[in-house]
Each structure stands twice: as C-alpha cells, then as structure tokens.
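Residue-level structure breakdown
Chain by chain, the residues:
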Amino acid sequence: MNLINKNNMNQETVERIIDETVDTIIDSIDEKTVDYMFEHGDYEETDNQFLEDLKIFKKEIITELYNRINNK
C-alpha cells in the first residue's frame, strides 16, 4: 500500500511504522485482556483453561475491532 507521500518517507520507514504500531497494539490487547480476565473472571492462574479462553477472547476482540473500524 503506497498511500504515504514518498517525499516524506521511504517505503521501508512506512512499513516499520506500521509494523511497530501493530506490535504495540497487539501487546496492549494481550496485556489488557489478561488483566481483565483475572479481574473479572474466575481465574487464579494461567492454566490450560485460561490459555484456551484467552485465545477465544483475543479472536472475539479482533473481530469486534475489525467490525468497529469498518463500520465508521
């Protein structure tokens, strides 16, 4: 995707900004989801059930984000 003015940055810089931003967002989602699961759920440790539930939550969160972004 070449939507950025090339006079301001090269494609490598654009890709790095996008990649770093996505990594930061994913890390934040992971961290907040785990925090909220312990705070509001019935979890006391990160056992197999916790990890399975975390996968489901992350999938649902990404789906919800996609829907909200595309509906605005």
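It should be emphasised that the depicted structure is a prediction, and the values quoted were computed from it without experimental measurement.

1. As for the packing of aromatic side chains
For the structure on display, the rule yields two aromatic pairs. For the ring pair phenylalanine 38 and phenylalanine 50, a centre distance of 4.9 Å and an interplane angle of 20 degrees mean the geometry is stacked. Here the residue phenylalanine 38 occupies a position in helix H1 (residues 11–40), and phenylalanine 50 occupies one in helix H2 (residues 48–70), the gap between them amounting to 12 residues. Residue phenylalanine 50 is classed as buried on the basis of its relative accessible area, which comes to 1%. Measuring from centroid to centroid gives 5.1 Å for tyrosine 43 and phenylalanine 50, while their planes differ by 90 degrees, and the two rings are edge-to-face. Here the aromatic cluster, defined as three or more aromatic residues joined through ring pairs, consists of Phe38, Tyr43 and Phe50.

2. Quick word on the pattern of salt bridges
Applying the stated criterion across every chain yields a total of three salt bridges. For the salt bridge of lysine 58 with aspartate 30, the shortest nitrogen-to-oxygen distance reads 3.2 Å. Linking lysine 58 in helix H2 with aspartate 30 in helix H1, this pair joins segments that are 28 residues apart in sequence. Exposure remark for aspartate 30: the relative accessible area of 24% places this residue in the partly exposed category. Note that glutamate 64 and arginine 68 form a salt bridge whose closest N and O atoms lie 2.8 Å from each other. Placement of both glutamate 64 and arginine 68 in helix H2 is noted, with a separation of four residues, approximately one turn of the helix. Residue class for glutamate 64 comes out partly exposed when judged on its relative accessible area of 37%.

So, how was this worked out
- Residues numbered from 1 in each chain as written.
- Predicted model: local features only at pLDDT ≥ 70, side-chain atom pairs only at ≥ 80, totals over all residues.
- Heavy atoms only, no water.
- Phe/Tyr/Trp six-rings, centres within 6.5 Å; stacked < 30°, edge-to-face > 60°.
- Helix = DSSP H or I, 4+ residues; strand = E, 2+ residues; numbered from the N terminus.
- Buried < 20%, exposed > 50% of the residue type's maximum accessible area, 1.4 Å probe, protein only.
- Salt bridge = Lys/Arg side-chain N within 4 Å of Asp/Glu carboxyl O.

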